[in-house]
Amino acid sequence: MITFDDFKRVDIRIGKIISADRVEGTDKLLKLDVDFDFEKRQIIAGIGKIYEPNSLIGKKCPFVFNLETKMIRGLESQGMILCADDDGPVLLYPDKEIKPGSIVK
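Residues numbered from 1 in each chain as written. Predicted model: local features only at pLDDT ≥ 70, side-chain atom pairs only at ≥ 80, totals over all residues. Heavy atoms only, no water.

Asks: I'm lost on the pairing of strand S2 (residues 30-35) in this one. Help?
Replies: If a strand is regular, its side chains alternate between the two faces of the sheet. With 5 of its 6 residues buried, S2 lies for the most part within the structure. The sheet contact formed by strand S1 (residues 12-22) and S2 spans 6 bridges and is antiparallel. Across the sheet, the residue bridging to Ile17 is Val34, located in S2. Pairing between S2 and strand S3 (residues 40-45): 6 bridges, direction antiparallel. (Buried < 20%, exposed > 50% of the residue type's maximum accessible area, 1.4 Å probe, protein only. Helix = DSSP H or I, 4+ residues; strand = E, 2+ residues; numbered from the N terminus. Pairing = 2+ DSSP bridges.)

Put into structure tokens, the structure is as follows:
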């Protein structure tokens, strides 16, 4: 269990995936370029076994925005996509049009 104050420290924002490519030498990792309206970030995501890169272009999904940067396979990941788990990742989407960079509360 975490406190509500702990949860409030997590900055979750909607990002629009503007490009997606497979990370060379893996079948699981994708390199996503994500637009948050005021900033673009590169995020490495382990969703490549379920999702084809081209199917992700234009999707708006929630991302952890204030996660410490991490190097994965020599690539910098500047956040984390949030997915449900149902024997593999399942993307989450807003149910109506929303601006990239919107804060998830």
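Right, picking up where we left off after that structure.
Asks: Where do I start with the side chain of Ser102 in this structure?
Replies: Looking at the element boundaries, Ser102 is found in the loop between strand S9 (89-91) and strand S10 (103-104). When near neighbours in sequence (up to four residues on either side) are disregarded, Ser102 contacts Ile12, Arg13 and Ile14. (Contact = heavy atoms within 4.5 Å.)

Asks: Looking at this structure, I do not really get unusual backbone geometry. What am I missing?
Replies: Among all residues except glycine, the phi angle is most often negative; among peptide bonds, the trans geometry is most common. In this structure, Asp37 takes a positive phi of about 75° despite not being glycine. Relative to the elements of secondary structure, Asp37 occurs in the loop between S2 and S3. According to the relative accessible area criterion, Asp37 is partly exposed, its value standing at 44%. Despite not being glycine, Arg73 has its phi angle at roughly 55°, a positive value. Tracing the backbone shows Arg73 in the loop between strand S5 (70-72) and strand S6 (75-77).

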